Protein chains: 2
Amino acid sequence: MPVDPASRMVRLALAEKGLPARMVETRPWADDGTLAAANPACETPVLIDEPPTGGEITLSPAATIMEYLEEAYPAAALFPSTSAARGEMRRLIAWFCDKFEREVIAYTVRERIDRRLMRRGQPDYDRLRQGLEALSWHMDYFNWLLDQRPWFAGEKYSGADIAAAGYLSAVDYVDAASWEKFPAVKEWYARIKSRPSFRPILRDRVDGVAPPDHYDDPDF
Amino acid sequence: MPVDPASRMVRLALAEKGLPARMVETRPWADDGTLAAANPACETPVLIDEPPTGGEITLSPAATIMEYLEEAYPAAALFPSTSAARGEMRRLIAWFCDKFEREVIAYTVRERIDRRLMRRGQPDYDRLRQGLEALSWHMDYFNWLLDQRPWFAGEKYSGADIAAAGYLSAVDYVDAASWEKFPAVKEWYARIKSRPSFRPILRDRVDGVAPPDHYDDPDF
């Protein structure tokens, strides 16, 4: 799903590793059984790999796909080299995939985009307001982290930045991020936007929900 | 937290690997700042390791702790040997930690035990009923899985069984599991109960919430 944060996370990981992939757009609420067969949780994304050794490997959810890609295709490493730093990266990946999804995405991106795609009418403004309040708390925390180190999990770009980029870019698509209030996050996002892996993400468009003008501008 | 499923998962992993650990009981809702400093998500469990190489490594949440333990203390491996099987194990760990927690635990264990510990009065029976309905769907899926293979992720006991044991034992503590209806899950749980790593779990008691009589009986 184009603006689904977890799907973006996997698209970014594949692009950073230079791995070609065929994208199949799937909407969980309109599944004909194909998605549920690949992932009984009936959620996007799912990766179906055809490894050089033969056969087919079906993987989900996004954090599991990241672990798999790093194990099976170690070139262009996305995981830090120490166990402690990998722990910090995994904590932040779980933060985005679980906590940020539940507290922010469910109330903002899913309310604005998924509801539109499902043709379920106008967004619930009470929910949007709740999501924006939670987002402000999260952004404050991210700004504090990025005041102390250049990338989310430490000194180097890692899977934690990929997760953050997937989730925060979806928030930006619905124009919910107040970048000016969080200068360290804004500066980080400018660096993310300038990476070649991020270009396809900036070209995504959902029918009927236009992103803000600054969405694909690296100098936002 | 004794009946917290994610904490149980980490206790089981430590016991399976024979790693000694000092337990510190923490209730997130009564945190004096210590838990939030160790885990900004303010959730249990947190593992603070003092590795032989010196220093201190702070880890959370439970799935990240499992990855760390397997990397740092590979003896008594809890992860399968192939990338595909590890993917299946991680899918199921995420299933329990995210989906099962959100759809079942939040409505059953947290409603019965956390609410009592917080002194917030009687459980909400509508929420309990919702949780039991969701549990029945999950148990059906687990029974289907365990009809096809002896352990959750395949031929061998793995981290997926540890996650399942942590979560399903908490459900059993509040007497919510209908074991008779799901014979493959029941047979698996009997094998889990007979493992030495599981004994401390069966001795847990929460003031004011007694487990059912069969809770610590291996022939339930």
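Predicted, not measured: the structure shown is a model, and the values here were computed from it.

Caption draft 1: Representation of the side chain of A:Arg8. Residue and element names in this part refer to chain A. Among the structural elements, arginine 8 can be located in helix H1 (residues 5-16). On the basis of relative accessibility, which here comes to 0%, the residue arginine 8 falls in the buried class. A distance of 2.8 Å separates the side chain of arginine 8 from the side chain of serine 169, its partner in a polar contact. Each residue touching arginine 8, except ones within four places of it in the same chain, is listed here: Pro2, Val3, Gly166, Ser169, Ala170, Tyr173, Ile201, Asp204 and Tyr215.

Caption draft 2: Structural view of the packing of helix H4 (residues 83-103) of chain A against helix H7 (residues 159-173) of chain A. All names here are of chain A. Relative to each other, H4 and H7 sit at 20 degrees, their axes nearing to 7 Å. When the axis of H4 is compared with that of H7, the two are roughly parallel. Viewed along their axes, H4 and H7 form a crossing whose handedness is left-handed. Here Met89, Leu92, Ile93, Phe96, Cys97, Phe100 and Glu101 of H4 lie close against H7, whose contacting residues are Gly159, Ala160, Ala163, Ala164, Tyr167, Leu168 and Val171. Taken together, the residues that form the contact of H4 with H7 break down as 12 nonpolar, 1 polar and 1 charged.

Caption draft 3: How the structure looks around the relation of the copies chain B and chain A. For the pair chain B and chain A, the best superposition has an RMSD of 0.0 Å and corresponds to a rotation of 180 degrees with a translation of 0.0 Å parallel to the axis. Each copy turns onto its partner about a two-fold axis. Looking at the rotation axis and the C-alpha trace of chain B, the residue lying nearest is B:Asp98, at 3.4 Å. A share of 100% of interface residues in chain B that are also interface residues in chain A marks the association as one of identical surfaces.

Caption draft 4: Quick peek at the interface of chain B and chain A. With 25 residues of chain B at the contact, the number on the chain A side is 25 residues. Counting each side, the surface lost to burial between chain B and chain A is near 2,000 Å², with a carbon and sulfur contribution of 57%. Of all residues in chain B, B:Pro40, B:Glu71 and B:Arg90 bury the most surface against chain A, accounting for 24% of the area lost on that side. If you look at where chain B meets chain A, you find 8 salt bridges. We note a salt bridge from A:Glu43 to B:Arg102, for which the minimum N-O separation is 3.8 Å. Where chain B meets chain A, there are 6 residue pairs in polar contact (both at pLDDT 80 or more). Within the residue set of the side of chain B that touches chain A, elements represented by two or more residues are strand S2 (57-59), helix H3 (62-72), helix H4 (83-103) and helix H6 (125-148) of chain B. With 11 residues, the single largest contributor to the side of chain B that touches chain A is H4(B).

Caption draft 5: Spatial organisation of the pattern of salt bridges. Residue and element names in this part refer to chain A. The tally for this structure, following the rule as stated, stands at 46 salt bridges over all chains. Aspartate 4 is the salt-bridge partner of arginine 110, the closest N and O atoms lying 2.8 Å from each other. Residue arginine 110 is found in helix H5 (residues 109-117), and its partner aspartate 4 is found in the segment before H1; the two are separated by 106 residues along the sequence. We note a salt bridge from arginine 195 to glutamate 16, for which the minimum N-O separation is 2.9 Å. One end of the pair, arginine 195, is in the loop between helix H8 (183-193) and helix H9 (199-203); the other, glutamate 16, is in helix H1, and 179 residues separate them in sequence.

Caption draft 6: Quick look at the domain arrangement of chain A. All names here are of chain A. According to the domain assignment, chain A contains domain 1 (5-72) and domain 2 (83-202). Computed from C-alpha atoms alone, the centre-to-centre distance between domain 1 and domain 2 is 20 Å. Between domain 1 and domain 2, the contact holds 14 residues from the first and 23 residues from the second. In total, domain 1 and domain 2 occlude about 1,700 Å² of area from one another, counting both sides; carbon and sulfur atoms represent 69% of this. Applying the counting rule to domain 1 against domain 2 returns 2 salt bridges. Glutamate 67 is the partner of arginine 90 in a salt bridge, and the nearest nitrogen-oxygen pair spans 2.6 Å. Applying the counting rule to domain 1 against domain 2 returns 6 residue pairs in polar contact (both at pLDDT 80 or more).

Caption draft 7: Summary view of the packing of aromatic side chains. Under the counting rule described, the total for this entry stands at 38 aromatic pairs over all chains. Aromatic side chains B:Phe100 and B:Phe142 sit 5.9 Å apart centroid to centroid with 45 degrees between the ring planes, which places their arrangement in the tilted category. Separated by 42 residues along the polypeptide, B:Phe100 in helix H4 and B:Phe142 in helix H6 bring together distant segments of the chain. Of the residues examined, B:Phe142 reaches a relative accessible area of 0% and is grouped as buried. Above the ring of A:Trp151, the side-chain terminus of A:Arg191 is found at 4.4 Å from the ring centroid. One Lys or Arg, B:Lys186, reaches over the ring of B:Phe220 and ends 5.3 Å from the middle of that ring.

Caption draft 8: Main features of the environment of A:Asp213. Residue and element names in this part refer to chain A. Looking at where aspartate 213 falls in the secondary structure, it is placed in the segment after H9. Taking the relative accessible area as the measure of exposure, aspartate 213 reaches 77% and is therefore exposed. In sequence terms aspartate 213 and tyrosine 173 are 40 residues apart; their C-alpha atoms lie 9.7 Å from each other.

Caption draft 9: Representation of unusual backbone geometry. Here A:Thr44 and A:Pro45 are connected by a cis peptide whose omega angle stands at 0 degrees. With respect to the helices, strands and loops of the structure, A:Pro45 is situated in the loop between helix H2 (34-38) and strand S1 (47-49). Backbone geometry places A:Ala76, a non-glycine residue, at a positive phi of 55 degrees. Note on placement: A:Ala76 falls in the loop between helix H3 (62-72) and H4. What makes A:Ala76 partly exposed here is its relative accessible area of 42%. We note that B:Cys42 has phi near 55 degrees; this positive angle belongs to a residue other than glycine. Here B:Cys42 is to be found in the loop between helix H2 (34-38) and strand S1 (47-49). Residue classification places B:Cys42 among the partly exposed residues on the basis of a relative accessible area of 23%.

Cut-off values and rules
Here the residue numbering is sequential within each chain, running from 1 through the sequence in written order. Both sets of labels track the order of writing: A upward for chains, 1 upward for ligands. Local features in this predicted model are restricted to residues whose pLDDT is 70 or higher, and side-chain atom pairs enter the listing and the counts only when it is 80 or higher, whereas totals over whole chains, interfaces and linings include all residues. To obtain the side-chain values, all non-hydrogen atoms of the structure were used and water was disregarded. Helix numbers and strand numbers start at the N terminus; a helix is a DSSP run of H or I with at least 4 residues, a strand a run of E with at least 2. Residue exposure (1.4 Å probe, protein chains only): buried if accessible area is under 20% of the type maximum, exposed if over 50%, otherwise partly exposed. Polar contacts here mean pairs of N or O atoms no more than 3.5 Å apart (in protein, one a potential hydrogen donor and the other a potential acceptor; neighbouring residues in sequence count only if both atoms are side-chain atoms). Here a residue-residue contact requires only that any non-hydrogen atoms of the pair lie within 4.5 Å. Axis definition: a line fitted to C-alpha atoms, over the contacting stretch in the case of helices. Angles run 0 to 180 degrees between N-to-C directions. Orientation categories follow fixed angle ranges, with anything under 35 degrees roughly parallel, anything over 145 roughly antiparallel, 65 to 115 roughly perpendicular, and all other angles oblique. The hand of a helix crossing depends on one turn: near helix anticlockwise from the far one by less than a right angle means left-handed, and clockwise means right-handed. Gly falls in the polar group here, along with every residue not listed as nonpolar (Ala, Val, Leu, Ile, Met, Phe, Trp, Tyr, Cys, Pro) or charged (Asp, Glu, Lys, Arg). Least squares is the method for superposing the copies, and the C-alpha atoms it fits come from residues with pLDDT of at least 70 in both. Buried surface area refers to the total accessible area, computed with a probe of radius 1.4 Å, that the two partners give up upon joining, counted for both partners together. The rule for a salt bridge is simple: a side-chain nitrogen of Lys or Arg has to be within 4 Å of a carboxyl oxygen of Asp or Glu. For every domain, the bounds stem from an assignment made automatically or drawn from a database. Paired rings are identified among Phe, Tyr and Trp, the last through its six-membered ring, by centres lying within 6.5 Å, and are further divided according to the angle between planes into stacked (under 30 degrees), edge-to-face (over 60) and tilted (the rest). Each ring is checked for a lysine NZ or an arginine CZ that lies within 6 Å of its centre and within 35 degrees of its normal; such an atom marks a charge sitting over the ring.

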